[in-house]
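A look at the structure
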Number of protein chains: 2
Amino acid sequence: MLAEFDLIRRYLMPSQKRLATDGVALGSGDDAALLIPQAGHQLAVSVDTSVVNVHFPHDAPSFAIGHRALAVALSDLAAMGADARWCFMALTLDQRTFNDDAAIHLWMDGFGQGFHGLCQRHAATLAGGDVTAGELAIGVTVMGELPAGRALTRGGARPGDVIAVTGELGGGAGGLALWKRGERDLEHPLLRRYLLPEPRLAAGVALLGLASAAMDISDGLLADLGHLREASGVGAILDKEALPLAEGLESALGRDDAQQAALSGGDDYELLVTLAPGDVAHAQQRLNEQGLALTVIGQCTEALGVQGIAPDHHAGWQHFNEGTP
Amino acid sequence: MLAEFDLIRRYLMPSQKRLATDGVALGSGDDAALLIPQAGHQLAVSVDTSVVNVHFPHDAPSFAIGHRALAVALSDLAAMGADARWCFMALTLDQRTFNDDAAIHLWMDGFGQGFHGLCQRHAATLAGGDVTAGELAIGVTVMGELPAGRALTRGGARPGDVIAVTGELGGGAGGLALWKRGERDLEHPLLRRYLLPEPRLAAGVALLGLASAAMDISDGLLADLGHLREASGVGAILDKEALPLAEGLESALGRDDAQQAALSGGDDYELLVTLAPGDVAHAQQRLNEQGLALTVIGQCTEALGVQGIAPDHHAGWQHFNEGTP
């Protein structure tokens, strides 16, 4: 195995010069990184592990694996309305799956590009890492900041609030279905949704002070709405026809499966938010300025449970590891 | 598989009431934890992954696995002189290795006890976690705080500084050797050193303002001294006879192998520090008050390289996964 520090420094760490401007007093190479938090802010912290053949196919391009592992973690910061600041990576690499050191370098080069491209777009700095031998897995810890007391949580929805989602739904499940059918063109919009999701960080920040509750859609709309309903103590009525289906989803899966993917498919990484009716137009305007749609799909109710959706739609979507990759 | 959130809440998370007093504005159950950093402080952050059969034997007690995964991460904070504040766990569990749900609960119960016992002793709060399916691995992110600009780094050693280590050396490698021979009594001092190391957090804090450089000994004294020498631009002369051998090490391995374990064995998690000669007595007094020895084992030199040790001792110690568990 190549030396851990060499792999980290070559492919993962930005230069120390860059770090100095990013609130990093001391980066990789010592026992711990030293970070400089902003006064008056809270830290939003989340950890996510992506495991081969559970969260992504073993033969996915390493660029996509690096991008996706970070994207799903950053999505949690987006759901709080936090600005991304720093991230840490715990990479577990299985050297037995590589023919030689050159193959490791090639894989790491793509992986690092996917990871860093996303870091740069969201001003997140990789401030430390760890490389270990074992089954391929990427543990990512993300740290963001937001003004104290302003975070978007899951518990603030009130009866009468509107339910809305950013972007499009069902693309994660649709892309997975296409991958299983052998589609490998990363330019295909559904495959992009599945392998290269874009965390909605700017949208989360734009919704601070407008949304009454927010979370990201990782387990599927209905499952995640269930978490939000439980935390807020509300029910929901959904308008199935209003769901914004991902581009190409209906032609790939047919109308019924497309709706099912939008309701129960995971891996969309859009934001699910609730808003007072009077704040919807303002929120839509802010997100439209980012080129992102905010679609009203229902309303919070006092009566618990979900109305407007047949109970058979509540079944979970097939996970990657439950089918034949 | 049991529901992720159930496992996290039952075995890993402290009560929300406890969290409120620990600088945690929002704990598990939302998209991210919200932490309240202290003004005027820097954050020390480190990530460590412990993988089954690489970092610990698959049949180690889950209590020890939980303790050890956190201990090796906290040890990095100790080496900076930071106070432990928060930690996050990314647990990957292989359900195929359990006969039934009851076996998972039994394992998790021991694991949680080992993890939380150490959290409590060092006032660290588990503020979030993630449970995933895959090969058993524990990723731990630890976050500590220390007054801005006061951290102990690896780069501050100067020629003439004394080299010293806390506690005892070689116990990690000695305990591993005993484990391979079939020893399973966790009360054996060497097995305790290997499976239940105690991170030197209080010692690190006590050395702030006294030590010129510090790091923890995880790869073995000579390897880690190499990192410190490189970061500081100094050489070293070591007194092999001065090495504080772990209790029972010489009788278990013989004199030569005991010294080799102290020089090149990993997993000791003691602190390696350098100090101006005039600060040694003061530092020893502070650590003695904690019941911990600080033993002078050499001195920093202008001439690079290491003197006092035969070159054949520089070979690395056998790792767990290189032998037959």
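Residues numbered from 1 in each chain as written. Chains lettered and ligands numbered in written order. Predicted model: local features only at pLDDT ≥ 70, side-chain atom pairs only at ≥ 80, totals over all residues. Heavy atoms only, no water.

1. Some thoughts on the environment of Leu253(B)
Residues and elements named next belong to chain B. Inspection of the secondary structure puts Leu 253 in helix H9 (residues 249–253). A C-alpha to C-alpha distance of 8.4 Å links Leu 253 and Ala 177, two positions 76 residues apart in sequence. Each residue touching Leu 253, except ones within four places of it in the same chain, is listed here: Gly 174, Ala 177, Arg 181, Ala 258 and Ala 261. (Helix = DSSP H or I, 4+ residues; strand = E, 2+ residues; numbered from the N terminus. Contact = heavy atoms within 4.5 Å.)

2. Description of the sheet that holds strand E7 (residues 162–166) of chain B
One key point about sheets: their strands pair by backbone hydrogen bonds, in either a parallel or an antiparallel sense. All names here are of chain B. Judged by pairing direction, the sheet is mixed, and its six strands sit side by side in the order E8-E10-E7-E11-E9-E12 without closing on themselves. Every other strand in the sheet has two partners, leaving strand E8 (211–216) and strand E12 (306–307) as the edge strands with one partner each. Pairing of strand E9 (residues 235–238) with strand E11 (residues 294–301), which is carried by four bridges, proceeds in the antiparallel orientation. Its bridge partner lying in E11, Ile 237 is registered against Gln 299. Sheet strands touched by helix H3 (residues 62–80): E8 and strand E10 (271–275). Its angle to E8, the strand with the most contacts, is close to 175 degrees. (Pairing = 2+ DSSP bridges. Axes fitted to C-alpha atoms, helices over the stretch in contact; angles between N-to-C directions.)

3. Focus: the relation of the copies chain A and chain B
For the pair chain A and chain B, the relating rotation is 180 degrees, the translation along its axis is 0.0 Å, and the fit reaches an RMSD of 0.0 Å. Expressed as a symmetry operation, the mapping of one chain copy onto the other fits a two-fold axis. (Least-squares fit on C-alpha atoms with pLDDT ≥ 70 in both.)

4. Digging into the UniProt feature "domain: PurM-like N-terminal" (unreviewed entry) in chain A
With numbering matched to this structure, UniProt assigns "domain: PurM-like N-terminal" (unreviewed entry) to residues 29–145 of chain A. Secondary structure over residues 29–145 of chain A splits into 34% helix and 37% strand, and the C-alpha atoms at its two ends are 25 Å apart. (UniProt positions renumbered as here; feature names shortened; annotations may be inferred.)

5. What to know about the UniProt feature "binding site: Mg(2+) 1" (unreviewed entry) in chain A
All names here are of chain A. Following the UniProt record, one finds the feature "binding site: Mg(2+) 1" (unreviewed entry) at Asp 48 and Asp 130. With respect to the element layout, Asp 48 can be found in strand E3 (residues 41–51). Of note, Asp 130 is situated in strand E5 (residues 125–133).

6. Concerning the pairing of E7(B)
Residues and elements named next belong to chain B. Burial within E7 is extensive, with five of its five residues counted as buried. Alternating residues of E7 divide into Val 162, Ala 164 and Thr 166 and Ile 163 and Val 165, and every residue in both groups is buried. Sheet topology places E7 next to E10; four bridges connect them, and they run antiparallel. Each bridged residue has a counterpart across the sheet, and for Val 165 the counterpart in E10 is Leu 272. Summarising the sheet, E7 and E11 pair through five bridges and their orientation is antiparallel. Its bridge partner lying in E11, Thr 166 is registered against Leu 294. (Buried < 20%, exposed > 50% of the residue type's maximum accessible area, 1.4 Å probe, protein only.)

7. What to know about the packing of aromatic side chains
Applying the stated rule across the entire model yields six aromatic pairs over all chains. Plain terms: the ring middles of Trp107(B) and Phe111(B) are 5.0 Å apart, the flat faces sit at 15 degrees to each other, and that makes the pair stacked. Here the residue Trp107(B) and the residue Phe111(B) both occupy positions in helix H4 (residues 101–121), the gap between them amounting to four residues, near one helical turn. By the ring-pair criterion, three or more aromatic residues cluster together here, those being Phe98(A), Trp107(A), Phe111(A) and Phe115(A). Positioned over the ring face of Trp179(A) is Arg184(A), at 3.6 Å from the centre of the ring. (Phe/Tyr/Trp six-rings, centres within 6.5 Å; stacked < 30°, edge-to-face > 60°. Lys NZ or Arg CZ within 6 Å of the ring centre and 35° of its normal.)

8. A short note on the pattern of salt bridges
A complete count under the given rule lists 24 salt bridges over all chains for this structure. One salt bridge in this structure joins Asp30(A) and Arg154(B), with 3.8 Å as the shortest N-O distance. Of this pair, Asp30(A) sits in the loop between strand E1 (24–26) and strand E2 (33–35) while Arg154(B) sits in the loop between strand E6 (137–147) and E7, each in a different chain. Here the two residues Asp30(A) and Arg154(B) agree in accessibility, since each one is buried. The shortest N-O distance in the salt bridge between Arg192(A) and Glu187(A) comes to 3.7 Å. For Glu187(A), a relative accessible area of 56% gives the class exposed. (Salt bridge = Lys/Arg side-chain N within 4 Å of Asp/Glu carboxyl O.)

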